[in-house]
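Fold and contact review
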Amino acid sequence: MTARDKNATLSDGVVDWLINGTRDERFIDKIFAEMCIRLQQAGIPLARSTVHVLIQHPQWLGARFMWADGMREAEIARVDYDVRERSEYIGSPANEMFDGATEVRENLEQDPALGRKHALYREMRAQGLTDYVAWPLYHTLGKRHLVTFATDRPDGFDDAHVAALKNILPVLALVSEIRIKNRLARTLLETYVGSHAGELILAGATRRGTGTTVRAAIMICDLREFTKISDNWPRDDVIDLLNDYFDAMSEPIARHGGEILKFIGDGLLAIFPLSEPEAGANLLHAVTEARQAMIALNARNDGTGRAPLNYGIGVHVGDVMYGNIGSSTRLDFTVIGPAVNMASRLEALTKQLGKTVLLSRDFADLVGGQFDLERVGEHGVRGFSEPIELFAYQG
């Protein structure tokens, strides 16, 4: 008998598949579900399995993938940042693992009074599960995640089953880390530069000076009297205010197909590419919903004694250069061009003309008669030689 034969386990075929058969699969949840099915087929009486991963996301601490007998796909649940203060986490296997445990094993057939006390164990007993084991999933640079396995076999997992499950851990760690880091890179790019720009960057659009010409509706929004607010309010209140304001503005923009390219202090720059036939209408629908969200935000702030927030929006349409601009070591993926400058000037004019939203004649022509626009006459715009015909939109 060779050394390889001595160390053979029921999961050797699954390990080989993880190494050689998953190269073309992008998503770890799909690999995980297929792995569980293959473990069953290899003779391991697996009835339930989960993977818990910590992620870097502005809204979520982590994610849980859960597979159970009979499922073809894993269920995905996001985990809030405050989960560690809740009973579902305190005393759980995840709590033990992230506190440094290297294994959590629970005999679910024994008297519950003799075992660990947590709702998870009660739930598993109610589902007829008999044995449960959890191990850390080690990624590079000290990152620890968690994988769990449970069975409904009488007397639980035997030694051969446990050895086979342990056998897959190093390879599962490598395979999962690659997918999680790919997803993390995508998430971070979407968070900081937007989904469309993020896709272009991942596809290789990273060379300085490269870009494309895009025809788009451009929207620039700015908060009124922000300098006064930031000088007189506590720092944390200012940050909360900006986050609430940007939520009110940003969510409708994303919902209607716009892309926010930049937050500049208390302002934002967004585009609606005209490759979408209804881009102009979508922009104004987003403005309408943002106005409603700001009314609701001001109503909430009024209850805390805060003054209402006012803002101005400038909208224009035209060709912009969309691409990489910056120094040799620090790039920004953004848009530039006269059309962007015009939108910025119109936003500045909103305060002077007493209008919340100002649209250029070119943009008004784009949306035609679909919306009730108020003509406010021709006005000089800084940096442009000819007066521009402007329209206001109430939303």
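Notes on the structure in this doc start here. (Residues numbered from 1 in each chain as written. Predicted model: local features only at pLDDT ≥ 70, side-chain atom pairs only at ≥ 80, totals over all residues. Heavy atoms only, no water.)

**Observations concerning the overall build of the protein**
Looking only at helices and strands, the protein has 12 helices and 14 strands in total. At 28 Å, the protein has a C-alpha radius of gyration far larger than the 21 Å of a compact globule built from 395 residues. Along the first, second and third principal axes, the C-alpha atoms of the protein reach 90 × 50 × 40 Å. Burial status across the protein gives 46% buried among its 395 residues. For the protein, the proportion of contacts with a sequence separation of at least 24, taken over those separated by at least 6, is 61%. (Helix = DSSP H or I, 4+ residues; strand = E, 2+ residues; numbered from the N terminus. Rg over C-alpha atoms; globule rule 2.2 N^0.38 Å. Buried < 20%, exposed > 50% of the residue type's maximum accessible area, 1.4 Å probe, protein only. Contact = heavy atoms within 4.5 Å.)

**Thoughts on a negative patch on the surface**
On the surface, a cluster of negative charge is made up of Asp 240, Asp 244, Asp 247 and Glu 251. Assignment of secondary structure puts Asp 247 in helix α9 (residues 235-255). (Patch = residues over 30% accessible without salt bridge, like charges linked within 9 Å, V, L, I, M, F, W, Y side chains within 5 Å. Areas by Shrake-Rupley, 256 points an atom, 1.4 Å probe, with all protein chains shown as cover. Salt bridge = Lys/Arg side-chain N within 4 Å of Asp/Glu carboxyl O. Lys, Arg positive; Asp, Glu negative; His and termini not counted. Charge placed at Lys NZ, Arg CZ, Asp CG, Glu CD.)

**Structural notes on helix α2 (residues 12-20)**
Those residues of α2 that sit buried are Val 14, Val 15, Trp 17 and Leu 18. Along the long axis of α2, the arc covered by the buried residues comes to 160°, so they all point the same way. (Arc of directions from axis to C-beta.)

**Comments concerning the pattern of salt bridges**
Two side chains with opposite charge may pair up if their charged atoms get near one another. Counted according to the given criterion, the structure contains 16 salt bridges. The partner of Asp 131 in a salt bridge is Arg 105, with the nearest N and O atoms 2.7 Å apart. With Asp 131 in strand β5 (residues 131-138) and Arg 105 in strand β4 (residues 104-107), this pair connects stretches of sequence that are 26 residues apart. For Asp 131, a relative accessible area of 5% corresponds to the buried category.

**Examining the side chain of Ser 176**
With respect to the element layout, Ser 176 can be found in helix α6 (residues 159-193). Residue classification places Ser 176 among the buried positions, given a relative accessible area of 2%. Of the polar contacts made by the side chain of Ser 176, one reaches the side chain of His 139; its length is 2.9 Å. For Ser 176, the contacting residues outside a window of four places in its chain are Ile 28, Leu 137 and His 139. (Polar contact = N/O pair within 3.5 Å; in protein donor to acceptor, adjacent residues only side chain to side chain.)

**Here's the deal with the packing of aromatic side chains**
This structure, assessed with the given rule, holds 5 aromatic pairs. Aromatic rings pair up to connect Tyr 245, Phe 246 and Phe 263 into one cluster. (Phe/Tyr/Trp six-rings, centres within 6.5 Å; stacked < 30°, edge-to-face > 60°.)

**Looking at the sheet that holds strand β3 (residues 75-80)**
With antiparallel pairing, the 6 strands of this open sheet are ordered in space as β3-β2-β1-β6-β5-β4. Two strands close off the open sheet at either side, each with one partner strand: β3 and β4. Sheet twist, expressed as the mean angle between neighbouring strand axes with direction ignored, is 15°. Sheet topology places β4 next to β5; 4 bridges connect them, and they run antiparallel. (Pairing = 2+ DSSP bridges. Axes fitted to C-alpha atoms, helices over the stretch in contact; angles between N-to-C directions.)

**Details of the packing of α9 against helix α10 (residues 279-302)**
The geometry of α9 relative to α10 is characterised by a closest axis approach of 8 Å and an angle of 155° between their N-to-C directions. Taken together, α9 and α10 sit at an angle that is classed as roughly antiparallel. Here α9 runs over α10; the crossing is right-handed. Contacts between α9 and α10 involve Asp 244, Tyr 245, Ala 248, Met 249, Pro 252, Ile 253 and Arg 255 from the first element and Ala 286, Glu 289, Ala 290, Ala 293, Met 294 and Leu 297 from the second. Class assignment of the residues belonging to the contact of α9 with α10 gives a composition of 10 nonpolar, no polar and 3 charged. (Parallel < 35°, antiparallel > 145°, perpendicular 65-115°, else oblique. Left-handed = near helix turned anticlockwise from the far one by under 90°. Nonpolar A, V, L, I, M, F, W, Y, C, P; charged D, E, K, R; others polar.)

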